[in-house]
Amino acid sequence: MRERILSAMVMAGLIGAAGISPMALADGHKNTAVQGAVDFRESTMTIYKWYLQPMGGMVKGKVPFNKEVFKQKADGLAWAASLNLLEGFPKGSMHDTEAKAEIWERWDDFQAKYETLKTESAKLQQVAAGGDVAAIKAQFAQTAKSCKGCHQAFREK
Ligand code: HEC
């Protein structure tokens, strides 16, 4: 965020100056595109968290288990996971981010970890619709593991 404001200030300064360098403008556009991708992936992650957290609260018994609410959250997570997360990771988009460079060095692995999230969250949606609490808890654990698996490999602490 701080960097975005800084780069907006730099852009404004450049446009105000007499001789605008086309190279500097092109750089500015590139940064905007990278920032857009970073915003998209961080927003998508924020949505994942919005749905995962209340389910976690129910699974851990911090709040009473409510099958109807759980099902709504599981639907939301499966839908959010179906948005193409990979669009948020164009090659080398390392601007103001916790993403590790290894993402692009081991892209197949990164992609596979995203596929795992999609599969596990789709299963959770199915199991939640069924209403068997023990099965729901087991599948919730698998889903949360798919988040953690990717973070451990590809996100800075
Ligand atoms: C395929 C890999 C992958 C999967 C799967 C994944 N994440 Fe992430 N997550 C990342 C990366 C990489 C970042 C760092 C993004 C950045 O800072 O640009 C991140 C960042 C986040 C953030 C911080 C966002 C921010 O605003 O900085 C949250 C919250 C988050 N993830 C939650 C989740 C949850 C919940 C799940 C599972 C439902 C999940 N993630 C699954 C890779 C993944």
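Cut-offs applied
- Residues numbered from 1 in each chain as written.
- Predicted model: local features only at pLDDT ≥ 70, side-chain atom pairs only at ≥ 80, totals over all residues.
- Heavy atoms only, no water.
- Helix = DSSP H or I, 4+ residues; strand = E, 2+ residues; numbered from the N terminus.
- Buried < 20%, exposed > 50% of the residue type's maximum accessible area, 1.4 Å probe, protein only.
- Areas by Shrake-Rupley, 256 points an atom, 1.4 Å probe, with all protein chains shown as cover.
- Expected span 1.5 Å × (residues − 1).
- Arc of directions from axis to C-beta.
- Polar contact = N/O pair within 3.5 Å; in protein donor to acceptor, adjacent residues only side chain to side chain.
- Near = heavy atom within 4 Å.
- Contact = heavy atoms within 4.5 Å.
- Donors = N, O, S within 2.8 Å, 3.2 Å for Na, K, Ca; no water.
- Tetrahedral: all angles 85-135°; square planar, octahedral: opposite > 155°, others 65-115°.
- pLDDT = per-residue confidence, 0-100.
- Axes fitted to C-alpha atoms, helices over the stretch in contact; angles between N-to-C directions.
- Parallel < 35°, antiparallel > 145°, perpendicular 65-115°, else oblique.
- Left-handed = near helix turned anticlockwise from the far one by under 90°.
- Nonpolar A, V, L, I, M, F, W, Y, C, P; charged D, E, K, R; others polar.

Caption draft 1: Main features of the overall build of the protein chain. Tallying secondary structure elements over the protein chain gives 6 helices and 0 strands in all. In sequence order, the secondary structure elements of the protein chain are arranged as α-α-α-α-α-α. In the protein chain, buried positions account for 31% of the 157 residues. When the accessible surface of the protein chain is totalled, it reaches about 9,500 Å², and 59% of it is carbon and sulfur.

Caption draft 2: Geometry of helix H6 (residues 133-154). Helix length check: H6 (22 residues) gives 32 Å between terminal C-alpha atoms against 32 Å at 1.5 Å per residue, within 8%. Taken residue by residue, H6 has Ile136, Gln139, Phe140, Thr143, Ser146, Cys147, Cys150 and Phe154 as its buried positions. Down the axis, H6 shows its buried residues gathered within 115° of arc, on one side only. Exposed and oriented more than 90 degrees from the buried face of H6 are Ala134, Lys145, Lys148 and Gln152. Between the side-chain oxygen at the start of H6 and the backbone nitrogen of alanine 134 there is a gap of 3.1 Å, and the oxygen is on aspartate 132.

Caption draft 3: Seen up close, the site of the ligand. Close to the ligand lie 23 residues, the nearest being Met45, Thr97, Cys147, Cys150 and His151. Between the ligand and glutamate 98, the relevant distance is 2.8 Å, taken from an oxygen atom to a main-chain nitrogen or oxygen of the residue. Here histidine 151 contributes a side-chain N or O atom positioned 2.8 Å from a nitrogen atom of the ligand. Elements with a minimum of two residues in the shell around the ligand: helix H2 (22-59), helix H5 (107-130) and H6. Counting residues per element, the shell around the ligand draws most heavily on H2, at 7 residues.

Caption draft 4: The environment of alanine 128, seen in detail. Mapped onto the fold, alanine 128 is located in helix H5. For alanine 128, a relative accessible area of 5% puts it in the buried group. Residues alanine 128 and lysine 71, 57 residues apart in the sequence, show an inter-C-alpha distance of 5.1 Å. Sequence-distant contacts of alanine 128, that is, excluding residues within four places in its chain, are made with Phe70, Lys71, Ala74 and Ile136.

Caption draft 5: The arrangement of unusual backbone geometry in detail. Unusually for a residue other than glycine, aspartate 96 sits at a positive phi of about 55°. Topologically, aspartate 96 is positioned in the loop between helix H3 (67-82) and helix H4 (102-105).

Caption draft 6: View of the coordination of the iron atom of the ligand. Around the iron atom of the ligand, the donor atoms from the protein are Met45 (SD) and His151 (NE2), and they sit 2.0 to 2.3 Å away. Note that the iron atom of the ligand binds 6 donor atoms; their angles at the metal cover 87 to 179°, and the shape is octahedral. Taken together, the residues span a long stretch of sequence, with methionine 45 in helix H2 and histidine 151 in helix H6 at a distance of 106 residues.

Caption draft 7: Region of the structure containing the confidence of the model for the protein chain. Counting all residues, the mean pLDDT for the protein chain is 88, and 81% of those residues have values of 70 or more. Note on residues 12-25: pLDDT is under 50 here. Beyond four places in sequence and across chains, it has 5 contacts.

Caption draft 8: Structural view of the packing of H5 against H6. H6 packs onto H5 with a crossing angle of 165° between their chain directions and a minimal axis gap of 9 Å. The orientation of H5 with respect to H6, classified from their angle, is roughly antiparallel. You can see that H5 and H6 cross each other, and the crossing is left-handed. For the pair H5 and H6, contact is made by Asp109, Phe110, Lys113, Thr116, Leu117, Glu120, Ser121, Lys123, Leu124, Val127 and Ala128 and by Ala135, Ile136, Gln139, Phe140, Gln142, Thr143, Ser146, Gly149, Cys150, Ala153 and Phe154, respectively. Looking at side-chain class alone, the contact of H5 with H6 contains 11 nonpolar, 7 polar and 4 charged residues.

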